[in-house]
Amino acid sequence: MSDDDGARPRRSQPWVMRTYSGHSNAKASNELYRTNIARGQTGLSIAFDLPTQTGYDPDAPEAAGEVGKVGVPVAHLGHMRQLLDGIPVAEMNTSMTINATAAWLLALYVANAESQGVDPAVLQGTTQNDIVKEYLSRGTYIFPPGPSLRLTVDTITYTVRNVPKWNPINVCSYHLQEAGATPVQEVAFALATAIGVLDGVRNSGKITEDELPQVVGRISFFVNSGVRFVEETAKMRAFGAMWDRICQERYGVGDERLRRFRYGVQVNSLGLTEAQPENNIPRIVLETLGVSLSKNARARAMQLPAWNEALGLPRPWDQQWSLRIQQILAFESDLLEYDDIFDGSYVMEAKTNELIEAATAELDDILERGGAFSAVEELKTRLVKSQAERVARIESGEQLVVGVNCFTDSAPSPLPVDSVLKLEPTIEGDLQADVKAWRRDRDQAAAAKALDDLRRAAEDPVADLMAPTLALARAGGTTGEWGAALREVFGEYRGPTGVGGARGTHGGELSSAAARAQALTVATGSPPRLLVAKPGLDGHSNGAEQIAMAARDAGFEVIYQGIRLTPEQIVAAARDEDVDVVGLSILSGSHLELVPEILDRMRAAGLDAPVVVGGIIPPEDAEILLGKGVAAVFTPKDFRFASIMDTLVGLVERHRAEHR
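The structure contained in this document is the topic of the report that follows. Quick caveat, the model's predicted, so the values are computed rather than measured.

## Some remarks on the overall build of the protein
Thinking step 1. For the protein, the count of helices and strands is 24 helices and 15 strands.
Thinking step 2. For the protein, whose C-alpha radius of gyration is 25 Å, the value lies close to the compact-globule estimate of 26 Å for 660 residues.
Thinking step 3. Across its three principal directions, the C-alpha atoms of the protein cover 80 × 70 × 50 Å.
Thinking step 4. Buried positions account for 60% of the 660 residues belonging to the protein.
Thinking step 5. Once local pairs closer than 6 in sequence are excluded, the contacts in the protein between residues at least 24 apart make up 81%.
Thinking step 6. As displayed, the protein offers around 25400 Å² of accessible surface, 51% of which is attributable to carbon and sulfur atoms.
Thinking step 7. Here the protein contributes 65 positively and 88 negatively charged side chains, and the mean placements of these two sets differ by 2 Å.

See below:
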C-alpha cells in the first residue's frame, strides 16, 4: 500500500538510546541511571572516573584530586552492586567505557550478576576494550602493547564462550576524531586495530578455527559523527563495505550476519564550543543525522553529549535534553519509516567510494608497517599533524565555527551557563574510607590467594588472565590491587607524544610572538623555554600537544614529556630544565587540587617561573587560581594561538628582566 492510500510505512525499531554518565560515587550514579531509565533511556552507558580507568583505588596517591570527577569510581564488587542496584541486569544492555581495566570491570559486572542468580550467558552489553586508541588519543592506558593485547584476547575468548551476547571489544574511532583524525584516518586506524585484535585472537591458539566466525561476529565499533553529516553518512557506509570485505577475505566469514558492521556512536564533542554554547544543540542534532539517516548504515546504539559539556560536568537536566533529541528524531520524525534514502544517490555513492579508496590505501600502509599495535608512534604523529591542520584552519578562518570565529556578536543567553554539576567536597575522603573498610572486612586469605594466582598467570605468557581476574573479583579484590599485580609483571607504558615527529602549520599568525622570542634569544643568549605538563590522571593531551607545537613554531624551546606526571616530576623538570614558563593542562576538573600543590612545591624549591593553566575551567575557579598565583588561565574560548603565544612571550620577557 502506498503513502497515497493513507497508510503509514512500517517503522523500523529505534536504536538503543543511552546517556554517557556517572559521577561522584556508585550510589549517586545509580540514582542518575534509574532517573534516566524512567525518562526513556533504553540502555546504560557507564562513565568511570580516571583512577578506575587507570587501575588505582581512591586512596592511592595517584588518585588525589581525581576521584569521582569524570565518572563513577568502582573499586570493588560492593561498588558494582551499588551502581546497578534495582536495575535488571539480565535485561539491560550496558555499555562500559573502559579500556586498560576492561577485563577487571567485566569481571566485577559478571560477579555481580552471579551474586543475583543471573546466568552470565544472558548478559548483554559492551566493554570498549580498545587500547590502541588510548595510546593514540585518550591516554588511559597502563600496560605496553603486548600485554594489553593479551588482556584483550583473553577477554574476547572468555566472553565468546561464556557471555555470548556480550561485545568484548568496541573498536573505538570516536576518540580518534576527537584527536583530529580525518574521516579517512578514522576508518583506516579503527579497521587496523580490529585486524590487529582479530589476528591476535587467531594467533593465540585459544580458540578453534570453527569459533573464529563467532569471534568476528562479536566485534563491534564505537564511532564519532561530526557536523558534516553528508560526509559522516558516507563514512559509515564506507566503514560497512570495508568491514564486510575484511571479514570475508581475511577471516573467511561466510555468514553475512557475522560480517555486519555493528556500531554505537557518540556524536562529536570536539566541536562543542564554550562561546555561545547554545549553538551546541543544533550541532548535536546535525551530527546525529550522520549516523541515523542511512538505514543500511544506521547506528545500533546512540549517546549524545550535553550542550554545556565544554563548560563542565552536565547536570541531569542537560542529559535529559540530549535524550529528548534522540526521542524526537525516533518517534516524532518519519526517519524510521523508510528504506535507505541514499540508495541510488550518485552523490553519496561517489563520496563513499572516494572514502573507501583513500581509507584502503591508508589501511594498507598501516598493515605494511606491522599493524596498528606496531605502528602506534607513527599513527600518533599523523593524528597530531591532522589536529594541527584543523586548528590552523579555524584560526585562519578557513574553517568557520559559528560564534567562535564568525558571527560572534550575541544577545545575552538566558540559559544558565554557569550551572554545571558540582561534586560534594567529601566524595574523595568518603571513598578512601570506604575502600579501606572493604579491604579490612573481606576474607583476607581468599583475596591474597586470588592475587597470587593472578600474578602467576601473568608471568606465564600462555596462561589465561580472565579466570584469575574473575576469582579476584569474587574474593573481594580491588581495582588498585588488580592494577598493581599486573604492573609488577607487565610494567607501565609511556605512550608517544607525537609532537617530535609532527611539523607545525602555524605561519604568519605567530610572527609577532616569533619576533619577540627571537629578540629575547639574541638579547639573553638562549631561547625562551616552556615546560608543557599534564599533571594527574587526565590523558586528553590534544590541547597540550597543539600548544607545544605552536610554541615551538613561535621560537620557544619546548619541554613536553607526555601525560600523567606527578607534581614532583613537574617541579623537578621545571628546575632541571631552568624553564621560563610552566604550562599546565588539566581537563578532568582536578585543577583546584593539583595546581595549588604544584605552586607550593615550586615555591618550596625556590622556583619563581610563572605558571599558566589551560583546560575546562569555570570562571569562578579561574579566579581562585589567579588568586593563588597563576599568571594566566586559558579555556576552550582562547583558541587563537597567536594571542596565547604573545601572552607567554610577555611572561618570559618579564621573568628574564627580573633576573638580570
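## Overview of the layout of surface pockets
Thinking step 1. In this structure, the second largest pocket spans a volume of roughly 1100 Å³.
Thinking step 2. Taken together, 47 residues form the lining of the second largest pocket, with Arg260, Phe261, Arg262, Tyr263 and Arg300 sitting closest to its centre.
Thinking step 3. In terms of residues, the lining of the second largest pocket owes the most to one element, helix H10 (residues 229–249), which gives five residues.
Thinking step 4. When the residues that make up the lining of the second largest pocket are grouped by side-chain class, the tally is 16 nonpolar, 17 polar and 14 charged.

## Observations regarding the nonpolar core
Thinking step 1. Residues Phe221, Trp243 and Met645 are the most contacted members of the largest nonpolar core, which totals 163 residues.
Thinking step 2. Leaving out residues up to four positions away in the same chain, Trp243 has contacts with Leu191, Ala194, Leu198, Val216, Ile219, Phe221, Arg259, Arg260 and Phe261.
Thinking step 3. In this structure, Leu584, Ile598, Ala622 and Val633 belong to the second largest nonpolar core, which totals 26 residues.

## Thoughts on the environment of Arg494
Thinking step 1. Secondary-structure assignment places Arg494 in the loop between helix H18 (479–490) and helix H19 (511–524).
Thinking step 2. A residue is classified by how much of its surface remains accessible, and Arg494, at 45% relative accessible area, is partly exposed.
Thinking step 3. Separated by 269 residues in the primary sequence, Arg494 and Ser225 have C-alpha atoms spaced 29 Å apart.
Thinking step 4. Look past the residues within four positions of Arg494 in its chain and what remains in contact with it is Tyr141, Gln561, Gly562, Ile563, Arg564 and Leu565.
Thinking step 5. A distance of 2.8 Å separates the side chain of Arg494 from the backbone oxygen of Gln561, its partner in a polar contact.
Thinking step 6. In this structure the side chain of Arg494 is engaged in a polar contact, spanning 2.7 Å, whose partner is the backbone oxygen of Ile563.

## Points about the pattern of salt bridges
Thinking step 1. All chains considered together, the criterion is met by 48 salt bridges.
Thinking step 2. For Arg228, the salt bridge is made with Glu231, and the minimal N-O distance between the two is 3.1 Å.
Thinking step 3. Here Glu231 falls in the buried class, since its relative accessible area comes to 15%.
Thinking step 4. The closest approach of N and O atoms between Arg601 and Glu568, which form a salt bridge, is 3.5 Å. One end of the pair, Arg601, is in helix H22 (residues 591–604); the other, Glu568, is in helix H21 (residues 567–576), with 33 residues separating them in the sequence.
Thinking step 5. Judged by relative accessible area, Arg601 falls into the partly exposed class, the value being 33%.
Thinking step 6. Accessibility expressed as a relative area gives 42% for Glu568, which makes it partly exposed.

## What about the packing of helix H4 (residues 102–115) against helix H17 (residues 466–474)?
In helix packing, the relevant descriptors are the interaxial angle and the interaxial distance, both defined with respect to the helix axes.
Thinking step 1. One way to put it is that H4 packs onto H17 with a least axis distance of 9 Å and a crossing angle of 55°. The angle between H4 and H17 falls in the class oblique. Note that H4 runs across H17; the crossing there is right-handed. Counted together, Ala103, Trp104, Leu106, Ala107, Leu108, Val110, Ala111 and Glu114 of H4 and Met466, Thr469, Leu470, Leu472, Ala473 and Arg474 of H17 form the full contact between these two elements.

## Looking at the sheet that holds strand S13 (residues 581–586)
Hydrogen bonds along the backbone pair up the strands of a sheet, which may run parallel or antiparallel.
Thinking step 1. Within the open sheet, the five strands sit side by side as S12-S11-S13-S14-S15. Their pairing is parallel. Either end of the sheet is taken by a strand with one partner, and the two such strands are strand S12 (557–560) and strand S15 (632–634). Averaged over all pairs of adjacent strands, the angle between their axes in this sheet comes to 20°, without regard to strand direction.
Thinking step 2. Two elements, strand S14 (residues 611–615) and S15, share three bridges in a ladder whose sense is parallel. Opposite Val612, over in S15, you have Ala632 as the bridge partner.
Thinking step 3. Lying on the sheet, H22 is in contact with S13 and S14; it crosses S13 at an angle near 160°.

Parameters at a glance
- Counting from 1, residues in each chain are numbered in the order their sequence is written.
- For a predicted model such as this one, the threshold for reporting local features is a pLDDT of at least 70, and the threshold for listing and counting side-chain atom pairs is 80 or more; totals across whole chains, interfaces and linings nevertheless cover every residue.
- Side-chain metrics in this entry use all non-hydrogen atoms of the structure; hydrogen atoms and water are not considered.
- For helices the rule is a DSSP run of H or I covering at least 4 residues; for strands it is a run of E covering at least 2, with both sets numbered from the N terminus onward.
- Our radius of gyration is a C-alpha quantity, and the globule rule it is checked against amounts to 2.2 Å times the number of residues to the power 0.38.
- Whether a residue is buried, partly exposed or exposed follows from its accessible area with a 1.4 Å probe, protein chains only, as a fraction of its type maximum: under 20%, in between, or over 50%, in that order.
- Any two residues whose heavy atoms approach within 4.5 Å are treated as being in contact.
- Using a 1.4 Å probe, the Shrake-Rupley method yields the accessible areas, and only the shown protein chains count as cover for residues.
- A positive count includes Lys and Arg, and a negative count includes Asp and Glu. His and the chain ends are not counted in either.
- Charge positions come from single atoms, namely NZ of Lys, CZ of Arg, CG of Asp or CD of Glu.
- Using protein atoms alone on a 1 Å grid, points that fit a 1.4 Å probe yet trap it form a cavity, whereas open point sets bounded by protein on both sides within 12 Å along at least five of seven lines form a pocket; residues with an atom within 4 Å of a point count as lining.
- Grid points are joined across faces, edges and corners, and a volume is the space filled by probe spheres set on the points.
- Nonpolar residues are Ala, Val, Leu, Ile, Met, Phe, Trp, Tyr, Cys and Pro. Charged residues are Asp, Glu, Lys and Arg, and all others, Gly as well, are polar.
- In this description, a nonpolar core means a group of buried Ala, Val, Leu, Ile, Met, Phe, Trp, Tyr and Cys residues linked to one another through side-chain atoms lying within 4.5 Å.
- For the purposes of these results, a polar contact is taken to be a pair of N or O atoms within 3.5 Å, where, inside protein, one atom must be able to donate a hydrogen and its partner to accept one; residues adjacent in sequence count only when each atom of the pair is a side-chain atom.
- Should a side-chain nitrogen of Lys or Arg be within 4 Å of a carboxyl oxygen of Asp or Glu, the pair is scored as a salt bridge.
- To obtain each axis, a line is fitted to C-alpha atoms, and for helices this fit is confined to the stretch in contact; angles are then taken between N-to-C directions over 0 to 180 degrees.
- In these notes the angle categories are as follows: under 35 degrees is roughly parallel, over 145 is roughly antiparallel, 65 to 115 is roughly perpendicular, and the rest is oblique.
- Crossing chirality is assigned from the near helix's rotation relative to the far helix, an anticlockwise turn below a right angle marking it left-handed and a clockwise turn marking it right-handed.
- Strand pairing follows a simple DSSP-based rule, namely that at least 2 bridges must link the two strands.

Read these as layout, nothing more, since geometry by itself doesn't imply function.
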